[in-house]
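Close look at the chain arrangement
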Amino acid sequence: MIVVLKHGVSEEKKQQLIAWLQALGLRIHISDGEFQTVLGLVGDTSSVDMDLVESLDIVDSVKRVSEPFKMCNRKFHPESMVVEVGDVKIGAGNFVMIAGPCSVESEEQIVTVAKAVKAAGAKLMRGGAFKPRTSPYDFAGLKAEGLELLKIARRETGLPIVTELMNINDLPLFEDVDVIQIGARNMQNFDLLRELGHVDKPILLKRGLANTLKELLMSAEYIMASGNEQVMLCERGIRTFSDYTRNTLDLSAVPMLHELSHLPVIVDPSHATGIAKLVPPMALAATAGGADGLIIEVHNDPIHALCDGAQSLRPEEFAALAEKVRAIREVIA
Ligand code: PEP
Ligand code: MN
């Protein structure tokens, strides 16, 4: 249920109402916007007399929220959320490019790529240290050493780190990471999601290979309901019967998620297509479609990459794409 307060209500009256609702056993999520304050009621609202609340002189309107996701629902939070990573803002008109290799392979590799993507306009760098691989025989990342190499690249470039956490036991190693990525395969690892609720850093939550938008939002809800509201959603392609591409980029997810939720939506055209030459057109389409950012795999030597070389752009290809992304942003602004 949401309670929309009238404009200019005193803080005292607002707090009285909140205390009364809390006494009914509800958690109250407060969204103080420029033009209105929205109270989101979380919990069993069956004991709340909607007519009574609506009749209060400080209340503008009361609505039931039928969706099972509450904290990530735009009805709870009408204004788009801005996630801040250092001085980088993401969401509500702030667009960001995140780029880097699929996996961190060596100091030289990650520093070279980080410098190149920074020069091209990326504001955050990506790089996997813990890699979920379909085959147990494939390179699974440099793990703790990979995280150290990412920190070296951050020192050299100033770019904040986005990297994937697979197992909650590794969380202590991620203390100095800027954004924790939860990969497609872990989107419904509910114990992991709950733990992330206690983490004070932004989470990039990728959509599962065969998950609906509602399931993605319910996974965001797990993190937010446990206490961490800094969640970004990521569309990275889903499994369909389409051949020739690794996955199918569900671009309509971008405006649909924006309608349903106030969270930023990032698009990953690299995993969505699996083919480097398809990455630029899909990145441009996602930008035109209103994505709040792109996460793109870039490698200085894709042919010898230990993971996902076929979908990795070379630094100069990323730089050319970034120019075009900026042009599209100007057109849609
Ligand atoms: C990745 O970003 O390298 C990755 C493994 O992505 P996804 O979880 O979307 O497959
Ligand atoms: Mn990858």
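Residues numbered from 1 in each chain as written. Chains lettered and ligands numbered in written order. Predicted model: local features only at pLDDT ≥ 70, side-chain atom pairs only at ≥ 80, totals over all residues. Heavy atoms only, no water.

**Overview of the overall build of the chain**
The line we're drawing: Helix numbering and strand numbering both begin at the N terminus, where a helix is a DSSP run of H or I of at least 4 residues and a strand a DSSP run of E of at least 2. Both definitions apply: the radius of gyration is a C-alpha atom measure, and the globule rule equals 2.2 Å times residues to the power 0.38. Contacts were defined at the residue level, with two residues in contact if any of their heavy atoms lie within 4.5 Å.
Within the chain, the regular secondary structure consists of 10 helices and 14 strands. A globule of 333 residues ought to have a C-alpha radius of gyration of about 20 Å, and the chain, at 21 Å, matches this closely. Structurally, the chain occupies a C-alpha span of about 65 × 45 × 40 Å along its principal axes. If you take every contact in the chain between residues at least 6 apart in sequence, the share linking residues at least 24 apart comes to 68%.

**Brief notes about the environment of methionine 224**
Basically, it comes down to this: Categorising residues by exposure relies on relative accessible area from a 1.4 Å probe, with only protein chains included: less than 20% of the type maximum marks a residue as buried, more than 50% marks it as exposed, and the intermediate range marks it as partly exposed.
Secondary-structure assignment places methionine 224 in helix α6 (residues 213–225). On the basis of relative accessible area, methionine 224 is assigned to the buried category, the value being 1%. Between the alpha carbons of methionine 224 and isoleucine 328 there is a distance of 32 Å; along the sequence they are 104 residues apart. Ignoring any residue separated from it by four or fewer positions in sequence, one finds methionine 224 in contact with Met71, Cys72, Glu229, Val231, His262 and Leu263.

**Points about the coordination of the manganese ion (ligand 2)**
Put simply, the rule reads: Only nitrogen, oxygen and sulfur atoms within 2.8 Å of the metal, or 3.2 Å for Na, K and Ca, are treated as donors, and water is left out, so sites may look incomplete.
Looking at the metal site, the manganese ion (ligand 2) is ligated by Cys102 (SG), His271 (NE2), Glu297 (OE) and Asp308 (OD), spaced 2.0 to 2.4 Å from it. Binding-site remark: the manganese ion (ligand 2) is held by donors from one chain whose sequence spacing is C-x168-H-x25-E-x10-D. Note that cysteine 102 is positioned in the loop between β7 (96–100) and α3 (107–119) and histidine 271 in helix α8 (residues 269–273), a separation of 169 residues in sequence. For the pair formed by cysteine 102 and histidine 271, the shared burial category is buried.

**Focus on the site of ligand 1**
As a reminder, the rule being used: Proximity criterion: a residue is near a molecule or strand once any of its heavy atoms comes within 4 Å of it. Pairs of N or O atoms are called polar contacts if they sit within 3.5 Å, as long as, within protein, a hydrogen donor faces a hydrogen acceptor (for residues adjacent in sequence, only side-chain-to-side-chain pairs). Three categories are distinguished: nonpolar for Ala, Val, Leu, Ile, Met, Phe, Trp, Tyr, Cys and Pro, charged for Asp, Glu, Lys and Arg, and polar for the others, with Gly belonging to the last.
Cys102, Arg126, Lys131, Glu164, Gln181, Gly183, Ala184, Arg185, Lys206, Arg236, His271 and Glu297 make up every residue found near ligand 1. Side-chain polar atom of glutamine 181 to an oxygen atom of ligand 1: 2.9 Å apart, as the coordinates give it. The contact in question runs from an oxygen atom of ligand 1 to an N or O atom on the side chain of lysine 206, over 2.9 Å. Here the residues of the shell around ligand 1 are counted per class, giving two nonpolar, three polar and seven charged.

**Notes on the sheet that holds strand β8 (residues 124–126)**
Where we set the bar: In short, DSSP must find at least two bridges between two strands for them to pair. Every axis in this analysis is a line fitted to C-alpha atoms, fitted for helices over the stretch in contact. Angles between the N-to-C directions lie between 0 and 180 degrees.
Pairing in this closed barrel of eight strands is parallel, and the strands run β7-β8-β9-β10-β11-β12-β13-β14 around the ring. The average angle at which neighbouring strand axes cross in this sheet is 25 degrees, direction not considered. Alignment of strand β13 (residues 265–267) against strand β14 (residues 293–297), held across two bridges, turns out to be parallel. If you follow isoleucine 266 over to β14, its bridge partner there is glycine 293. Packed on one face of the sheet, helix α9 (residues 279–288) meets β13 and β14 and runs near 170 degrees to β14.

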